[in-house]
Amino acid sequence: MSQGGGTPSTSNPTILHGGKVFIQRDYSDGTSVKFHTRLPPELDGMIERHVFEATINRLNEFYAEAEEGSCSTYCEGCIGCITAYLIYMCSETHYEKTLRKISKFVASQNERIYNPKGLQLIDPTFRGLRVIEITIFDRPGRT
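From a predicted model like this one, the values you see are computed outputs, not experimental measurements.

Enquirer: Tell me about the packing of aromatic side chains, and please be specific about residues and values.
Expert: Taken as a whole and assessed by the stated rule, the structure comprises three aromatic pairs. On the basis of an interplanar angle of 25° and a centroid distance of 6.0 Å, the ring pair of Tyr85 and Tyr88 is categorised as stacked. Taking the relative accessible area as the measure of exposure, Tyr88 reaches 29% and is therefore partly exposed. Stacked on the ring of Phe62, the Lys or Arg Arg58 has its end atom at 3.9 Å from the ring centre.

See the structure below:
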């Protein structure tokens, strides 16, 4: 973060904290949920660049889909307003459905790609959509 409480710094998209790497939000296109796609140097040699970028790009696509306005999302909002938002006790919003898809995607990426390499991708919703956390596990033989 830049000092003085302004906009976050975009010069360093990652922060290493112990065995964790944080991928920062990319505010270059506004405040929509989007993350930097650059492979952090801390993960260099642990995962292929194109695989990492594909994962982050897919997450960015999911968030763009979640925030996309359509006729159904506007109707969803109107019905919510008309029913004093009681409808949301019975049904999920488009945004909630997309967040559930993101959680499934993160779980499948961890199972197929990240866990076998000693990494764990944490669902960004657990960090308030501020960062993507990647935990580096200590494995025998790794220095």
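Enquirer: Quick one: what's the story with unusual backbone geometry, residue by residue and with numbers?
Expert: In the Ramachandran plot, Ala84 falls in the positive-phi region, its phi being about 55° despite a non-glycine side chain. By the element assignment, Ala84 lies in the loop between α2 (71-82) and α3 (94-114). Assessed through its relative accessible area of 54%, Ala84 is described here as exposed. A positive phi angle, close to 60°, is found at Leu129, a residue other than glycine.

Enquirer: With reference to specific residues and values, describe the nonpolar core.
Expert: Membership of the largest hydrophobic core comes to 25 residues, with the highest contact counts inside it found for Leu43, Ile47, Phe52, Leu59, Leu119, Ile132 and Ile134. For this core, the secondary-structure elements that each account for two or more residues are β2 (20-24), α1 (49-67), α3, β3 (119-122) and β4 (131-136). The element best represented in this core is α1, accounting for six residues. Residue contacts for Leu43: discarding those within four places in its chain leaves Val21, Phe52, Leu119, Ile134 and Ile136.

Enquirer: I'd like a rundown of α2, residues and numbers included.
Expert: Every α-helix winds through 3.6 residues per turn, so residues three or four apart in the chain are directed the same way. Counted at 1.5 Å a residue, the expected span for α2 with its 12 residues is 16 Å, and the 16 Å between its end C-alpha atoms agrees. In the segment just after α2, Ala84 is the residue with positive phi, at about 55°.

Enquirer: Describe in detail the packing of α1 against α3, supporting the description with residues and values.
Expert: Running from N to C, α1 and α3 point in directions that differ by 170°, and their axes come no closer than 9 Å. In terms of axis orientation, α1 runs roughly antiparallel to α3. Two secondary-structure elements touch here, α1 through Val51, Phe52, Thr55, Arg58, Leu59, Phe62, Tyr63, Glu65, Ala66 and Glu67 and α3 through His94, Tyr95, Thr98, Leu99, Lys101, Ile102, Phe105, Val106, Gln109, Ile113 and Tyr114. Across the contact of α1 with α3, the residue classes tally to 13 nonpolar, four polar and four charged.

Enquirer: Account for the environment of Ala64, with residues named and values stated.
Expert: As for its position among the elements, Ala64 is in helix α1. Separated by 31 residues in sequence, Ala64 and Val33 place their C-alpha atoms 7.2 Å apart.

Enquirer: Please give an account of the pattern of salt bridges that cites residues and values.
Expert: Per the stated rule, a full pass over the model turns up seven salt bridges. The shortest N-O distance in the salt bridge between Lys20 and Glu133 comes to 3.2 Å. Of this pair, Lys20 sits in strand β2 while Glu133 sits in strand β4, and the two are 113 residues apart along the sequence. Of the charged contacts, one joins Glu65 and Lys101 as a salt bridge, the two residues approaching to 2.7 Å between their closest N and O atoms. Here Lys101 lies in helix α3 and Glu65 lies in helix α1, a separation of 36 residues in the sequence. Judged by relative accessible area, which is 24%, Glu65 ranks as partly exposed. Here the residues in one salt-bridge network are Lys20, Arg127 and Glu133, joined through shared partners.

Reading the values: the criteria
- Residues numbered from 1 in each chain as written.
- Predicted model: local features only at pLDDT ≥ 70, side-chain atom pairs only at ≥ 80, totals over all residues.
- Heavy atoms only, no water.
- Phe/Tyr/Trp six-rings, centres within 6.5 Å; stacked < 30°, edge-to-face > 60°.
- Buried < 20%, exposed > 50% of the residue type's maximum accessible area, 1.4 Å probe, protein only.
- Lys NZ or Arg CZ within 6 Å of the ring centre and 35° of its normal.
- Helix = DSSP H or I, 4+ residues; strand = E, 2+ residues; numbered from the N terminus.
- Core = buried A, V, L, I, M, F, W, Y, C linked by side-chain atoms within 4.5 Å.
- Contact = heavy atoms within 4.5 Å.
- Expected span 1.5 Å × (residues − 1).
- Axes fitted to C-alpha atoms, helices over the stretch in contact; angles between N-to-C directions.
- Parallel < 35°, antiparallel > 145°, perpendicular 65-115°, else oblique.
- Nonpolar A, V, L, I, M, F, W, Y, C, P; charged D, E, K, R; others polar.
- Salt bridge = Lys/Arg side-chain N within 4 Å of Asp/Glu carboxyl O.

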